[in-house]
Amino acid sequence: MLSLILILIAAAFFTGVIVRVKSMASGRKGPGILQPLFDVFRLFKKGVVYSETTSFVFQIAPTIYFSSVVMAMLVVPFGQSKGILSFDGDFIFFAYILALGKFFSIISAMDTGSSFEGMGASREALYSMFAEPAFFILMGSLALLTGHTNFQEMFSALHIGSYISYALAILGTFVLMMIAMVENSRMPIDDPKTHLELTMVHEVMILDNSGFDLGLILTAGYLKFAIYGALVVNLFIGVFPLQYSIPMFFVIQFVLASGVGFIESFMARFRMSHNAQFIFVLTSVSLLIFFGALLILGKFV
Amino acid sequence: MSLINAFVAVPVLAILLIPFLKVKGKGIVLFASIVVNALISGFLGLQTLGGQFLEFSFPGSLVTGPVNLRIDALSGWFILIINFIFITGSFYGLFYMKAYQKQKNNLTLHSIVFILLHTALISLCAVQNSLVFLVTWEIMALSAFIAVIFEHGKMATLRAGMNYLIHSHVSILFLMFGFIWVALKTGSYDFNSITTYTSQNSGATGLVLFLCFFIGFGIKAGFVPFHTWLPYAHPAAPAHVSGVMSGVMIKIGIFGIFRMITLIKTDYYTVGLVIITFSVISGLYGVMLAIMQHNLKKLLAYHSIENIGIIGMGIGIGCIGLGTGNYLLASLGFAGGLLHTLNHSLFKSLLFFTAGNVYQATHTVHIDHLGGLIKKMPQTALLFLIAAIAISGIPPFNGFISEFIIYSGFYYWMQGSLIGPLMTIIFSVLALVLIGGLALLCFTKAFGIVFLGNPRQKFDHEVKEVSFSQLLPLYLIAFLIVFIGVFPQIFMNALSQPVHLLAGLPTISDMPFPEKTTELLQPVTWGIWMFILISLAVLGFRKLVTQNRKASVEPTWGCGYIAPTAKLQYTAGSFVRPYSKLFRPFLLSHKTQKEVEGIFPSGGSYETHSYDRIEKYLVDSLIAVYKSLLGRFLFLQNGKLQFYILYGIIFIVSVICIPLFYDQIVLFIEFIKQI
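Residues numbered from 1 in each chain as written. Chains lettered and ligands numbered in written order. Predicted model: local features only at pLDDT ≥ 70, side-chain atom pairs only at ≥ 80, totals over all residues. Heavy atoms only, no water.

1. Here we look at the overall build of chain A
Within chain A one finds 11 helices and 1 strand. When the helices and strands of chain A are read in sequence order from the N terminus, they spell out α-α-β-α-α-α-α-α-α-α-α-α. By its C-alpha atoms, chain A is 60 × 40 × 40 Å across when sized along the principal axes. Sequence-distant contacts, at least 24 apart, represent 79% of the contacts inside chain A between residues at least 6 apart. On chain A, the mean spot of the 16 positive side-chain charges and the mean spot of the 17 negative ones are 9 Å from each other. (Helix = DSSP H or I, 4+ residues; strand = E, 2+ residues; numbered from the N terminus. Contact = heavy atoms within 4.5 Å. Lys, Arg positive; Asp, Glu negative; His and termini not counted. Charge placed at Lys NZ, Arg CZ, Asp CG, Glu CD.)

2. Observations regarding the packing of aromatic side chains
Summed over all chains, the structure comprises 65 aromatic pairs over all chains. For the pair Phe135(A) and Phe136(A), a centre-to-centre distance of 6.0 Å together with 85 degrees between the ring planes defines the contact as edge-to-face. Owing to a relative accessible area of 4%, Phe135(A) belongs among the buried residues under this scheme. Look at Phe136(A) and you get buried, because its relative accessible area is 1%. The ring of Trp229(B) has Lys220(B) sitting right over it, with the charged end atom 5.9 Å from the ring centre. (Phe/Tyr/Trp six-rings, centres within 6.5 Å; stacked < 30°, edge-to-face > 60°. Buried < 20%, exposed > 50% of the residue type's maximum accessible area, 1.4 Å probe, protein only. Lys NZ or Arg CZ within 6 Å of the ring centre and 35° of its normal.)

3. Some thoughts on the environment of Gly356(B)
Residue and element names in this part refer to chain B. Tracing the sequence through the fold places Gly356 in helix H13 (residues 327–362). Relative accessible area serves as the criterion here: at 1%, Gly356 is assigned to the buried category. Remark: the alpha-carbon pair of Gly356 and Ile650, spanning 294 residues in sequence, is separated by 54 Å. Discounting residues that sit within four places of it in the chain, Gly356 has contacts with Tyr92, Tyr96 and Ala239.

4. As for the side chain of Asp213(A)
Structurally, the position occupied by Asp213(A) is in helix H9 (residues 211–237). Look at Asp213(A) and you get buried, because its relative accessible area is 2%. Residues within four places of Asp213(A) in sequence aside, it is in contact with Tyr50(A), Phe58(A), Gln59(A), Pro62(A) and Arg542(B).

5. Overview of the nonpolar core
Core analysis: the biggest nonpolar cluster contains 329 residues, and Phe94(A), Phe135(A), Phe136(A), Phe443(B) and Tyr579(B) have the highest contact counts within it. Broken down by element, this core gets its largest block of residues, 21 residues, from helix H17 (residues 419–451) of chain B. Two domains each provide a minimum of three residues to this core, namely domain 1 (1–197 + 232–244) and domain 2 (267–540 + 569–586) of chain B. Ignoring sequence-local partners within four residues, the contact set of Phe94(A) consists of Ala72(A), Val75(A), Val76(A), Phe135(A), Phe151(A), Ile227(A), Tyr228(A) and Leu231(A). (Core = buried A, V, L, I, M, F, W, Y, C linked by side-chain atoms within 4.5 Å. Domains from an automatic or database assignment.)

6. Some words on helix H12 (residues 296–324) of chain B
Residues and elements named next belong to chain B. Over its 29 residues, H12 runs 42 Å from end to end, which matches the ideal 42 Å to within 8%, given 1.5 Å per residue. Most of H12 is tucked away: 26 of the 29 residues are buried. The backbone nitrogen of Lys297 has a side-chain oxygen 2.9 Å away, supplied by the residue at the start of H12, namely Asn295. (Expected span 1.5 Å × (residues − 1). Polar contact = N/O pair within 3.5 Å; in protein donor to acceptor, adjacent residues only side chain to side chain.)

7. So, unusual backbone geometry
Residues and elements named next belong to chain B. Look at the link from Val224 to Pro225: it is a cis peptide, with omega at 10 degrees. For Pro225, the location among the structural elements is in the loop between helix H8 (204–221) and helix H9 (230–236). For the bond from Pro395 to Pro396, the omega torsion is 10 degrees, close enough to zero to count as cis. Within the fold, Pro396 resides in the loop between helix H15 (378–391) and helix H16 (398–414).

8. Quick word on helix H7 (residues 192–200) of chain B
Residues and elements named next belong to chain B. Where H7 is concerned, the buried positions are Ser193, Ile194, Tyr197 and Thr198. One side of H7 holds all its buried residues, which, seen down the axis, span an arc of 125 degrees. In the core, the buried residues of H7 are packed alongside helix H6 (155–186), H8 and helix H10 (239–263). (Arc of directions from axis to C-beta.)

9. Describing the pairing of strand S2 (residues 65–71) of chain B
Residue and element names in this part refer to chain B. For S2, a buried count of 6 out of 7 residues is recorded, marking the element as mostly surrounded by other parts of the structure. With 6 bridges connecting them, strand S1 (residues 54–61) and S2 associate as antiparallel partners. Counterpart to Phe56 in the pairing with S2 is Leu69. As consecutive antiparallel partners, S1 and S2 are separated by 3 residues. (Pairing = 2+ DSSP bridges.)

This is the structure in structure tokens:
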């Protein structure tokens with residue numbers, strides 16, 4: 001329950017912080033931190049335009065996408081306190097329920113019959129496929145290290161070992177953050193502020209969405225960032241009592257958000273054709289974590 | 001015993017009756033006979049799932065020795081799966097075959113072999129006498145062959161049929177070798193002698209015997225590299241036959257592997273590793289090639305290979321559990337494998353049936369010629385969508401449940417393993433995740449291109465939804481897909497007997513399995529229910545908020561361009577192009593293109609065909625060698641009648657002479673040996 005509330009609060013600020021950092025880095029004052037939320041509220045109040053090519057798939061897809069992200073949020077724990085739902089293998093459920101959302105967002109893009117949206121859909125499908133192994137191996141390594149197979153027990157058992165486990169946590173942070181970038185289609189994978197349909201991934205898929213549906217999609221995006229942020233936080237706060245861990249949660253989320261903002265301000269997007277290879281590199285980083293776990297356990301004979 | 005007699009009598013009567021009936025009557029008799037037989041065998045099968053063990057003995061003949069029918073829980077599980085798919089498949093077939101009403105004789109033959117196929121598949125689950133088993137196996141293979149070549153006027157269909165026939169005889173060769181080996185050593189054709197023989201001979205004997213059976217059954221199941229018949233046979237057959245073949249006939253190979261696990265006593269740790277290796281390769285290779293296919297049914301056929309790989313992973317984990325004496329691991333693996341067998345037969349037959357609907361409506365299964373079918377055939381589209389989500393292993397449907405159990409098996413195996421197994425686990429998990437991701441890519445492509453967007457081609461005939469009665473069996477399957485996804489516990493409980501049998505638990509009362517898996521699956525079910533509730537809530541809220549607003553309908557955003565044609569849409573080829581560029585080393589595709597050039601350009605064209613690399617090197621090159629070898633003897637076949645008579649004379653003379661000169665020949669050999 002605690003994690004749910006914290007994630008919701010973090011989600012409200014996360015994207016706003018990114019936008020603010022970006023505008024400050026480029027010398028502008030920028031909108032308020034809560035501006036993304038206002039955008040969503042405005043969208044919720046608006047009417048909607050449907051493409052004449054679309055079918056019922058296009059109308060239910062944003063709802064399912066949003067619900068899948070909400071469901072994924074419910075299994076994320078916060079330190080010692082469990083998520084709303086916690087069970088052995090919940091990280092498998094987490095990844096697969098997100099995949100359901102992706103499935104629907106891809107077919108809803110194809111429902112419009114637009115070549116741009118087809119292009120975005122094709123890229124999204126490929127990238128998410130490559131990002132998933134990294135997540136599973138990361139979780140597998142943590143499962144190996146701690147002997148548990150659910151989020152909450154893994155994260156709280158992570159800190160009993162040596163300092164090396166913190167080194168692994170840092171590598172894990174990198175992997176999780178990069179997966180978050182892929183999932184949310186941010187810089188170096190995708191440029192959300194690009195103005196050319198040919199170079200978009202996620203943005204081009206939702207070109208035809210409007211009104212309430214677009215609001216749902218944007219909200220799901222904010223939530224996703226906070227969810228991955230919460231997973232990163234969980235790598236570090238396992239044993240701390242709440243009075244330290246809750247401030248730490250917000251500090252880490254803030255650092256991550258401003259990190260994303262800085263990356264987007266000072267980096268260029270990768271070449272589209274090299275993205276897939278780049279994402280697959282994450283898998284090898286997570287294999288590194290796996291070997292680290294083996295090392296700690298002394299399995300290398 | 002009387003039930004068994006009835007089980008044999010019903011198909012015989014039906015087969016005798018069918019040639020004398022009108023087309024409509026043939027269909028009704030076919031369906032009725034399958035239902036009656038399904039009820040009989042299903043009744044027996046259900047009893048075994050409740051914990052009974054049925055054994056029937058027949059005196060048999062001089063050649064076969066006593067014939068034993070044993071129906072245990074494992075047979076029961078497969079019998080029930082086969083029955084369900086056959087009932088739905090034959091009902092669907094009644095309507096699908098309407099287009100072929102004029103081919104009366106062809107339909108007679110088709111109905112007969114369909115009944116034979118059903119009877120043979122059910123019998124294979126029960127017969128425990130090697131010789132009778134092989135004969136039944138041959139009946140199944142031949143009847144499936146005739147069912148596949150229903151449209152034998154087409155050359156491609158005939159070739160596919162021949163290809164299948166040859167493959168299934170290679171399979172039978174391995175099985176025969178294994179069975180004869182045991183029969184030679186023990187003098188008995190009963191399956192129990194396999195157990196006695198392998199438990200007496202430790203070491204490599206059991207392992208080699210198992211591998212022999214594994215290859216034999218693996219060809220039928222479609223493990224890579226023995227899969228090369230599958231992608232041809234499935235597209236060539238009529239939709240209900242491909243559904244039944246992919247749904248249950250290839251599962252009889254899986255059944256065979258399971259059966260051998262209960263019979264052969266050997267080092268299951270090694271066996272498990274071997275099976276996992278084959279499965280990982282099958283799973284990845286199947287889905288990698290599936291993505292490249294432009295023919296909807298061929299795409300589905302390659303997905304069968306992928307799913308056989310997933311089932312195999314479950315079996316592999318189970319064997320590892322057996323080998324290490326870890327009952328929980330064994331039951332997780334076998335339960336995952338068995339449940340995925342059921343799941344795959346459900347969603348794959350549903351996919352083939354919906355592909356059949358598409359073919360019926362448009363007369364093509366070429367993905368790039370289709371598009372926008374969701375408007376013309378909304379129900380077929382919805383059914384395809386359900387099956388597509390299920391086959392990608394995504395919740396809330398059944399595919400996720402079995403994959404979840406297999407994942408749990410892998411992660412459970414991880415605890416306390418050493419470095420070697422750990423590497424196997426991590427790469428298998430990597431493969432399983434990639435398979436899931438690639439399946440998602442493949443089915444978003446298939447569904448997106450076939451059903452969504454605008455039609456890519458104008459058809460001369462009207463494209464319309466098939467009749468409701470034809471959709472009825474499809475809804476039944478879809479219901480079961482959703483039901484397993486939402487209430488998996490019921491099916492896990494039904495699985496407890498077969499898993500007990502496989503995991504070799506000492507007594508029936510010792511049951512760690514159901515509690516553990518309910519413990520494992522209960523929260524997953526909660527998650528699925530919660531997800532459905534959340535979706536419904538959001539949908540309701542959306543309805544509430546937007547009901548008073550007017551939604552306007554406009555053309556798709558075209559980036560300012562206002563006259564897009566349907567040809568501008570993304571095609572299947574372009575959707576998977578980034579993928580095919582990355583995976584080029586593993587794939588093989590032929591490209592023919594004509595560039596648009598000149599000041600007054602004429603038409604350009606671009607065409608790609610994907611081919612199977614393993615098939616090229618393993619099958620085609622072998623055939624080429626074989627052909628060139630046999631080509632040297634071509635002079636014998638010179639078309640002159642005198643020569644052929646001469647060959648006949650030589651043959652007869654040698655047949656007569658060899659026994660006459662037998663002693664001299666032996667003497668001569670002895671003489672040579674002395675030298």
